[in-house]
Amino acid sequence: MSKPMHAATDGGTDITARTLRDWPLPQPSFDGDKEVRGHVLIVGGAREMPGAVMLAATAALRAGAGKLTVATAASVAPLVGMAIPEARVIGLAETANGGFTLEAARKLGELAGKAGALLVGPGMQDEAATAELVHALLPRFAGTAIVLDACAMAAVRMAGEAHLLDEPKDMAHFRFAEPVLLTPHAGELAHLTDQDKDDLAAAPEAAALAAARRWNAVVALKGATTVIAAPGGQHWRHEGGNIGLAISGSGDALAGIIVGLAARGASLEQAAAWGVALHASAGEQLSIKYGVLGYLAREISAEVPGLLRTLAPA
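Just so it is clear, the structure is predicted and the values come from calculations on it, not from any experiment.

## Considering the overall build of the protein
Point 1. In terms of helices and strands, the protein carries 12 helices and 10 strands.
Point 2. Taken against the 2.2 N^0.38 rule, which gives 20 Å for 314 residues, the C-alpha radius of gyration of the protein at 18 Å falls within 12% of a compact globule.
Point 3. When burial is assessed residue by residue, the protein has 54% of its 314 residues classed as buried.
Point 4. Restricting the contact set of the protein to residue pairs at least 6 apart, pairs at least 24 apart contribute 68%.
Point 5. Within the structure as shown, the protein displays about 13,300 Å² of accessible surface, and the carbon and sulfur contribution to it stands at 52%.
Point 6. In the protein, 25 side chains carry a positive charge and 32 a negative one; their mean positions are 6 Å apart.

Quick look at the structure:
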């Protein structure tokens, strides 16, 4: 896979149209089937927020993934299945606080080796149960491209009862055995690291790089300038989009775009870079149609296929 060019003077790389063209996404062969395009598994949603997993799932398909499985709360699974007829939908047993029980890990483990990319987090509730579920899924999905979003990122700061599964008890020194992708904004990163939100927002590159090294993760720190940092110190930054993207469900769409690209074979760093750029460009396109304020998160993913065609190498 080619590496992005156009390096900035401080060692980071600005994500531009040129960068993306120099870093082309994997493309399926002309005679490839839906398995070749990639199988995405998305775990998320809850009784109160079934829409989040729908937004992420739709975005994954719009990003080019060929096969989709959604695992969501049993109480809303029929609704999700009707809303997304392209998906296989699995209902998961729920905790009293709206999370999923550990039985979900055993049920989802049956898909290990079948799904090429896993997204956990959109619309999930019960932070402790979600962190526990993530720790149970990690060894089962070793070798899979994993994206943790929203509530699922709490896995870096709490283990619940996961130490019974040979997970580390001391979360202050937690590191992923294999890099995964985390997608926090400054407020979420502050929560995960017990640091000041304003301090993190003022120095996003340093914050993203420190978190990436600390957790052995790829960290996409979202903001007006989004910084993507890898554990080895490589980092990319993107400026673009508009205030209209600051809307409920926007992050779910972004996470879905990223995991869809990862299912196609992009590395976590490449999927994040392309996903962030596509998400921002979709916002720019929608602002032309509707104005900067007032377009909806559900409209973001529909812009992605056309943008992918525009940014594809000649």
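The discussion continues.
## Comments concerning the confidence of the model for the protein
Point 1. In this model, the protein carries a mean pLDDT of 91, and residues with pLDDT of at least 70 account for 90%.
Point 2. Every residue in residues 160–169 scores below 50 in pLDDT, and together they form 11 contacts with partners more than four places removed in sequence or on other chains.

## Description of the layout of surface pockets
Point 1. Roughly 680 Å³ of volume is contained in the largest pocket.
Point 2. As for the largest pocket, its lining consists of 26 residues, of which K222, L245, A246, S250 and H279 are closest to the centre.
Point 3. Listing elements by their share of the lining of the largest pocket, those giving two or more residues are β10 (235–239), α10 (250–263) and α11 (268–290).
Point 4. Per-element accounting of the lining of the largest pocket gives the leading share, 4 residues, to α10.
Point 5. Here the lining of the largest pocket is built from residues that sort into 9 nonpolar, 12 polar and 5 charged.

## Digging into the nonpolar core
Point 1. Residues I42, V43, L148 and F176 are the most contacted members of the largest nonpolar core, which totals 106 residues.
Point 2. A per-element tally of this core places α11 first, with 10 residues.
Point 3. What V43 contacts, discounting residues up to four positions off in sequence, is A71, L92, F100, L108, L118, L119, V120, G121, P122, M124 and L133.

## Thoughts on the environment of M49
Point 1. Relative to the helices and strands, M49 is located in the loop between β2 (39–43) and α3 (50–62).
Point 2. When sequence neighbours within four positions are dropped, the list of residues in contact with M49 reads G123, M124 and Q125.

## Things to note about the pairing of strand β8 (residues 218–221)
Point 1. Residues V218 and A220 line one face of β8 and the alternating positions V219 and L221 line the opposite face, and both faces are buried.
Point 2. In the sheet, β8 pairs with strand β9 (residues 225–229) via 3 bridges, with the strands oriented antiparallel. For V219, the partnering residue across the bridge sits in β9 and is A229.
Point 3. Taken together, β8 and the strand that follows it, β9, pair antiparallel across an intervening segment of 3 residues.

## As for the sheet that holds β8
Point 1. Here we have 10 strands laid out as an open sheet, ordered β1-β10-β9-β8-β7-β6-β5-β2-β3-β4, and mixed in their pairing. The sheet is open, and its two edges are formed by β1 (13–14) and β4 (88–92), each paired on a single side.
Point 2. The pairing of β9 with β10 spans 5 bridges and is antiparallel. Bridge assignment links T226 to a residue of β10, and that residue is H238.
Point 3. Sheet strands touched by α10: β2, β5 (117–120), β6 (145–148) and β7 (181–182). Its angle to β5, the strand with the most contacts, is close to 165 degrees.

## Quick notes on α10
Point 1. Counted at 1.5 Å a residue, the expected span for α10 with its 14 residues is 20 Å, and the 20 Å between its end C-alpha atoms agrees.
Point 2. Across the 14 residues that make up α10, a large majority, 13, are buried.
Point 3. Directly after α10, the chain includes G265, whose backbone phi takes a positive value near 115 degrees.

## Notes on the packing of α10 against α11
Point 1. The interhelical angle for the contact between α10 and α11, taken along N-to-C directions, is 135 degrees, at an axis separation of 8 Å. With respect to α11, the axis of α10 lies oblique. In this structure, α10 meets α11 at a crossing whose hand is right-handed. Packed against α10, whose contacting residues are S250, L254, I257, I258, L261 and A262, the element α11 presents A271, A272, W274, G275, V276, L278 and H279 at the interface.
Point 2. Residues belonging to the contact of α10 with α11 are distributed by class as follows: 10 nonpolar, 3 polar and no charged.

## Let's talk about helix α6 (residues 127–140)
Point 1. For α6, with 14 residues, the first-to-last C-alpha span of 20 Å sits near the 20 Å given by 1.5 Å per residue.
Point 2. In terms of residue burial, α6 counts as a mostly covered element, since 10 of its 14 residues are buried.
Point 3. Residues of α6 that are buried include every one of A129, T130, A131, E132, L133, V134, H135, A136, L137 and L138, and no others.
Point 4. The elements touched by buried residues of α6 are β2, α5 (103–108), β5 and β6.

The rules behind these values
- Residues numbered from 1 in each chain as written.
- Predicted model: local features only at pLDDT ≥ 70, side-chain atom pairs only at ≥ 80, totals over all residues.
- Heavy atoms only, no water.
- Helix = DSSP H or I, 4+ residues; strand = E, 2+ residues; numbered from the N terminus.
- Rg over C-alpha atoms; globule rule 2.2 N^0.38 Å.
- Buried < 20%, exposed > 50% of the residue type's maximum accessible area, 1.4 Å probe, protein only.
- Contact = heavy atoms within 4.5 Å.
- Areas by Shrake-Rupley, 256 points an atom, 1.4 Å probe, with all protein chains shown as cover.
- Lys, Arg positive; Asp, Glu negative; His and termini not counted.
- Charge placed at Lys NZ, Arg CZ, Asp CG, Glu CD.
- pLDDT = per-residue confidence, 0-100.
- 1 Å grid on protein atoms, 1.4 Å probe; cavity = no way out; pocket = protein on both sides within 12 Å on 5 of 7 lines; lining within 4 Å.
- Points joined across faces, edges and corners; volume = space filled by probe spheres on them.
- Nonpolar A, V, L, I, M, F, W, Y, C, P; charged D, E, K, R; others polar.
- Core = buried A, V, L, I, M, F, W, Y, C linked by side-chain atoms within 4.5 Å.
- Pairing = 2+ DSSP bridges.
- Axes fitted to C-alpha atoms, helices over the stretch in contact; angles between N-to-C directions.
- Expected span 1.5 Å × (residues − 1).
- Parallel < 35°, antiparallel > 145°, perpendicular 65-115°, else oblique.
- Left-handed = near helix turned anticlockwise from the far one by under 90°.

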